[in-house]
Amino acid sequence: MSTHREPPPRSESGLPLALAITDVRVAFGGTVALDGASLAVRPGTVHALLGENGAGKTTLMRVAFGLVAPDAGTMHRAGVPYAPRTPREAIAAGLGMVFQHFSLVPAMTVAENIALGGSGAFDPQREARRVRALAERTGLAIDPTLRIAEASIGMQQRSEILKALSRDASVLMLDEPTAVLAPQDAAELLQWVRRFARDGRAVVLVTHRLQDALAVSDDITVLRRGRTVLADAAERLDEGALARAMVGEASIQVDVPRVAADADRTKPVALRARGVSAIDATGRTRVDDVDLDVHAGEVLGVAAIEGEGQHELLRLLAGRLRPSRGSLERPPVVAFVPEDRHRDAVVLDATLTENFALRELGTRRGRMPWSALAAQTTTAIDAFDVRAPGADVAMRTLSGGNQQKFVLARELADRPPALVIENPTRGLDIRAADAVRAAIRRAADDGTAVVVHSGDLDELLLMADRVVVMTRGRLLPVTRDRDTIARAMIGTAPSARTA
Amino acid sequence: MTPARRAGIACVAAIGGVGALALLLAVFGYSPADGLLAFWRGSVGTSYALWSATLVRAIPLSLAGLGVALAIRGGRLNVGAEGQLLAGATAGALVAQLLGAVEGGTATGGGMSAALTTPIVLIAGALAGAAWASVAAWLRERFGVLEVISTIMLNFIAVHLVGALVRGVLQEPTRVYPQSATLAAAARLPVLVPTTRLHAGALLAITLAALLWWTLRYTALGFRVRVVGESAAAAASAGGIDVARVAVMSFAVSGALAGLAGAVEYAGVTYALYENLSPGYGYTAIAVALLARLNPLWVIASGVLFGALQAGGAAMQRDAGVPATLVQMIEAILIIAIVLVDRASRRRAAEAGT
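What you see is a predicted model; the values in this text were computed from it and never measured. (Residues numbered from 1 in each chain as written. Chains lettered and ligands numbered in written order. Predicted model: local features only at pLDDT ≥ 70, side-chain atom pairs only at ≥ 80, totals over all residues. Heavy atoms only, no water.)

Here we come to the overall build of chain A. Scanning chain A from terminus to terminus reveals 16 helices and 19 strands. Counting every position in chain A, which comprises 499 residues, the buried fraction comes to 53%. Long-range pairs, those at least 24 residues apart, make up 67% of the contacts in chain A with a sequence separation of at least 6. Counting every atom, chain A has about 22,000 Å² of accessible surface; 50% of that belongs to carbon and sulfur. (Helix = DSSP H or I, 4+ residues; strand = E, 2+ residues; numbered from the N terminus. Buried < 20%, exposed > 50% of the residue type's maximum accessible area, 1.4 Å probe, protein only. Contact = heavy atoms within 4.5 Å. Areas by Shrake-Rupley, 256 points an atom, 1.4 Å probe, with all protein chains shown as cover.)

Now for the pairing of strand β16 (residues 418-422) of chain A. Residues and elements named next belong to chain A. Extensive coverage of β16 is indicated by the burial of five of its five residues. Judged by which residues are buried, β16 turns out to be covered on both faces: Ala-418, Val-420 and Glu-422 on one side and Leu-419 and Ile-421 on the other are all buried. Pairing of β16 with strand β17 (residues 449-453), which is carried by five bridges, proceeds in the parallel orientation. Bridging from a neighbouring strand, Leu-419 pairs with Val-450 of β17. (Pairing = 2+ DSSP bridges.)

A few words now on the packing of helix α2 (residues 32-45) of chain B against helix α12 (residues 296-319) of chain B. Residues and elements named next belong to chain B. The interhelical angle for the contact between α2 and α12, taken along N-to-C directions, is 130 degrees, at an axis separation of 7 Å. Put simply, α2 runs oblique to α12. The chirality of how α2 crosses α12 is right-handed. Across the interface between the two elements, Gly-35, Ala-38, Phe-39, Gly-42, Ser-43 and Val-44 of α2 pack against Ala-308, Leu-309, Ala-311, Gly-312, Gly-313, Ala-315, Met-316 and Asp-319 of α12. Along the lines of polarity and charge, the residues of the contact of α2 with α12 split into eight nonpolar, five polar and one charged. (Axes fitted to C-alpha atoms, helices over the stretch in contact; angles between N-to-C directions. Parallel < 35°, antiparallel > 145°, perpendicular 65-115°, else oblique. Left-handed = near helix turned anticlockwise from the far one by under 90°. Nonpolar A, V, L, I, M, F, W, Y, C, P; charged D, E, K, R; others polar.)

Moving on to the domain arrangement of chain A. Residue and element names in this part refer to chain A. If you check the domain split of chain A, you get domain 1 (19-247) and domain 2 (269-496). The gap between the C-alpha centroids of domain 1 and domain 2 is 30 Å. For the domain 1 and domain 2 pair, buried surface summed over both sides reaches about 1,400 Å², with 48% attributable to carbon and sulfur atoms. Counting across the domain 1 and domain 2 interface gives zero salt bridges. Summed over the shared surface of domain 1 and domain 2, the number is zero residue pairs in polar contact (both at pLDDT 80 or more). At the level of elements, α5 (153-166), α6 (183-198) and α8 (239-247) are the ones that each hand at least two residues to the side of domain 1 that touches domain 2. With three residues, the top contributor of residues to the side of domain 1 that touches domain 2 is α6. (Domains from an automatic or database assignment. Buried area = accessible area lost by both parts, 1.4 Å probe. Salt bridge = Lys/Arg side-chain N within 4 Å of Asp/Glu carboxyl O. Polar contact = N/O pair within 3.5 Å; in protein donor to acceptor, adjacent residues only side chain to side chain.)

This paragraph deals with the nonpolar core. Within the largest apolar cluster, 152 residues are counted, with the highest numbers of intra-cluster contacts made by A:Leu408, A:Ile485, B:Tyr266 and B:Met316. Not counting residues within four places of it along the chain, the set of residues in contact with B:Tyr266 comprises B:Ala89, B:Gly92, B:Ala93, B:Ala96, B:Val102, B:Val121, B:Ser180, B:Leu183, B:Tyr271, B:Ala272 and B:Leu273. Residues A:Leu104, A:Leu165, A:Leu174 and A:Leu189 belong to the second largest nonpolar core, which totals 30 residues. (Core = buried A, V, L, I, M, F, W, Y, C linked by side-chain atoms within 4.5 Å.)

Further remarks concern a nonpolar patch on the surface. All names here are of chain B. A contiguous nonpolar patch, built from Leu-77, Leu-146, Val-148, Ile-149, Met-153, Phe-156 and Tyr-283 and spanning about 620 Å² of accessible area, is present on the exposed surface. The element that contributes the greatest number of residues to the nonpolar patch is helix α6 (residues 147-165), accounting for four residues. In this structure Phe-156 comes out as partly exposed when scored by relative accessible area, which is 45%. (Patch = residues over 30% accessible without salt bridge, like charges linked within 9 Å, V, L, I, M, F, W, Y side chains within 5 Å.)

Keep in mind that low pLDDT regions are not for reading the predicted coordinates in detail. Residue and element names in this part refer to chain B. The pLDDT averaged across chain B works out to 89; a share of 93% of its residues lies at or above 70. Mean pLDDT in chain B bottoms out at helix α13 (residues 324-353), which sits at 72, and peaks at helix α7 (residues 201-218), which reaches 97. Reported confidences for the modelled complex are a pTM of 0.74 and an ipTM of 0.85. (pLDDT = per-residue confidence, 0-100.)

Let us now look at the pairing of strand β9 (residues 219-224) of chain A. Residue and element names in this part refer to chain A. In terms of burial, β9 is largely enclosed, as five of its six residues are buried. Sheet analysis places strand β3 (residues 46-50) next to β9, joined by four bridges and oriented parallel. Across the sheet, Leu-49 pairs through a bridge with Thr-221, a residue of β9. Here β9 runs beside strand β10 (residues 227-233); their pairing, made up of six bridges, is antiparallel. Among the inter-strand pairings, Asp-219 is bridged to a residue of β10, identified as Ala-233. Here β9 folds back onto β10, and the loop between the two strands holds two residues, one of which, Arg-225, carries a positive phi near 45 degrees.

Residue and element names in this part refer to chain A. The strand order across the open sheet formed by six strands is β15-β16-β17-β13-β18-β19, and the pairing between neighbours is mixed. Each end of this open sheet is capped by a strand with a single partner; those strands are β15 (335-337) and β19 (474-477). Ignoring which end each strand starts from, the neighbouring axes of this sheet average 20 degrees apart. As judged from the three bridges shared by β15 and β16, these two strands associate in the parallel manner. What sits directly across from Val-337, in β16, is Ile-421. The sheet strands contacting helix α9 (residues 310-318) are β13 (299-303), β15, β16, β17, β18 (466-471) and β19, and the helix crosses β16 at an angle near 155 degrees.

Moving on to helix α10 (residues 243-270) of chain B. Residue and element names in this part refer to chain B. Given a rise of 1.5 Å per residue, 28 residues ought to cover 40 Å, and the 39 Å separating the end C-alpha atoms of α10 matches this to within 8%. The buried count for α10 comes to 23 of 28 residues, which makes it a mostly enclosed element. Looking one or two residues past α10, Tyr-271 carries a phi angle of roughly 60 degrees, positive in sign. (Expected span 1.5 Å × (residues − 1).)

Turning our attention to the packing of α7(B) against helix α8 (residues 220-230) of chain B. Residue and element names in this part refer to chain B. Interhelical geometry of α7 versus α8 gives an angle of 80 degrees and a closest axis separation of 5 Å. In this view, α7 runs roughly perpendicular relative to α8, as classed from their interaxial angle. In this structure, α7 contributes Thr-215, Leu-216, Arg-217 and Tyr-218 to the contact, and α8 contributes Ala-220, Gly-222, Phe-223, Val-225 and Arg-226. For the contact of α7 with α8, the class distribution of residues is five nonpolar, two polar and two charged.

This is the structure:
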């Protein structure tokens, strides 16, 4: 059943492999995370590591980076046996790692963050010069004096990459780097990855996006349930083959059934904003005089590149942020699924039942009806196909996709009149993403007014009945046409203000 | 964690503790045998030590420990239990004085009945502790002053305030000793077990531990406190909880429990207010809460353990001639050892669990 071949000790060119991982096994307690996982990275290539959530991609990277000691298996770096016990040893061997969750100090500048972990005296001016030179040499432009707290996600990621490069990484491992980026930033990053790999260095791109893998990589390895099930050159593979390898032979539904683009807008308005503005703590206007009606049963897509005020607009509509000006009409309870679910939507160390009970906890009185809540939780996780052994396990034990399905299940449990959802499928695999999109559509068909923002424009078009574009805090109504929307998002189409 | 595992940890900690104790005594030139014997006899080795020393000390440690545990559950570190405890004792003495429920006072022969005076003294202590803690909570919410800093400062203020009061308005009638008038016998907390010093405060501590455990586990109020402590962002966003309000409230109740510890100590043990009323109960309460893993029921067990430690330490000083400074050092080292063993075992358990 496995099409996996032993990685050759050397690449065809005769050079030793930049990084060779052979038959690694890792078990945490009783759970086997990796078993028979292999990866052969040739120098001068971009290597995509594909797999569903929970397939073991991140664990394999943690093994390579010295964060997890494998129970069995071998590793070689440039032909030499390699067994890092700490990230420090991995860095010394020329590896660099950028995780999905960045490890940057928000209060510090880009240069300070990059200097962290180095040695000797710290001289801000010299460090800034060094970072500027590094940025120039590597083609990753950045302002070294920018404070991380004020940097966009894209710039934070850039800082992480520069941090790795400042320690002379020649094998760069990036964990889902495009998941957090707006489409054009993602495209730019992937182009950079290609250039970087050219001169004998190598990049391991951990991703669940087939298109990214096929577009940018030379070789592709697919992990499924901790095992390498496919390893081949990208040119010999296509989306179908990769998808089959990732999820097994089960049929995959790529599209979601969607009603006509012009949804029924005769239904009552569930959310109404009139002249709404939001000014943040630093005095910047994030949402500027917005008028908006969202009708019951429609899915309204908010298209925007990063940091244009959509974050605040969604929170205003969800009742999680108070408007500085203007009036908002909304039902007393608005279901809300924020993008940072680990921080804002769930308590990782609490059980599923306790997380379910979070909803409307602020107004609950008296005793907690735990047994009734446990029953409701079980019903909800069944209805949304959340894969969990039971309602009493900790949220932390669920995969990212199941966590997101759980949050949706909770928020939609009592058919709320409105749902606000932000980057609903970020970091999820194909099947989980499909399930999430289908659940959103079902909610709308049941009469819920849905407002959705996704950094992925194609996904937004797939989901939304109607699209508005947000730039610099203002809303532009647009036609449902990909090109028009994309131009409006980056501000190159002033004539977009039509519909 | 299984009870067997807990028992195992306790054994390792105990053996390590005894070893460290013997070693320290030897290093400083005292007989380890005499010292250990005195420690044993003074803590749990005799029934008098158990009922009249260890358990009596466990009462304020448990009450203040409950307070510290509640604050941490709500996401705030209350290092100010010592000051809140002194505020509670002070309020208790002040109220007793005002009601004339002190020896030589107006109410000794009649006036307000003792059955009423004792609860009023305790309630005053709890309110004073809550008020003292609320200063820190307010500074945090209004100005962002970290409670770790403000509560320590409030501890110093409380100590010196007590010092000033017992030399001023609260000084006993003869004006000789720096302490308040003695609480009238009728207003004292009753002794639970005849011929011992164990007083009704023990029942209060156990009842409040059970109540706090139940509240945290089974009520919306308690669940809000837990959620705010574990993830303030999720509490606000997903739960629609007023995080600041919950944090301030749980911090105030935390102070009330520490204040109650002070009033109970006054009404059950010392019967007078003076500067050294607490041998650092409020500080040890932090270790009590942490060792109990913030579980109110375990706080009682943990309080008894630390009560034994302090009673044994006092006996070493009294019966084996070990100087007080060395005893305090040994106590501190034992606390570190216990917390360390507990931490290490917890980390092992966590690694095995993931």
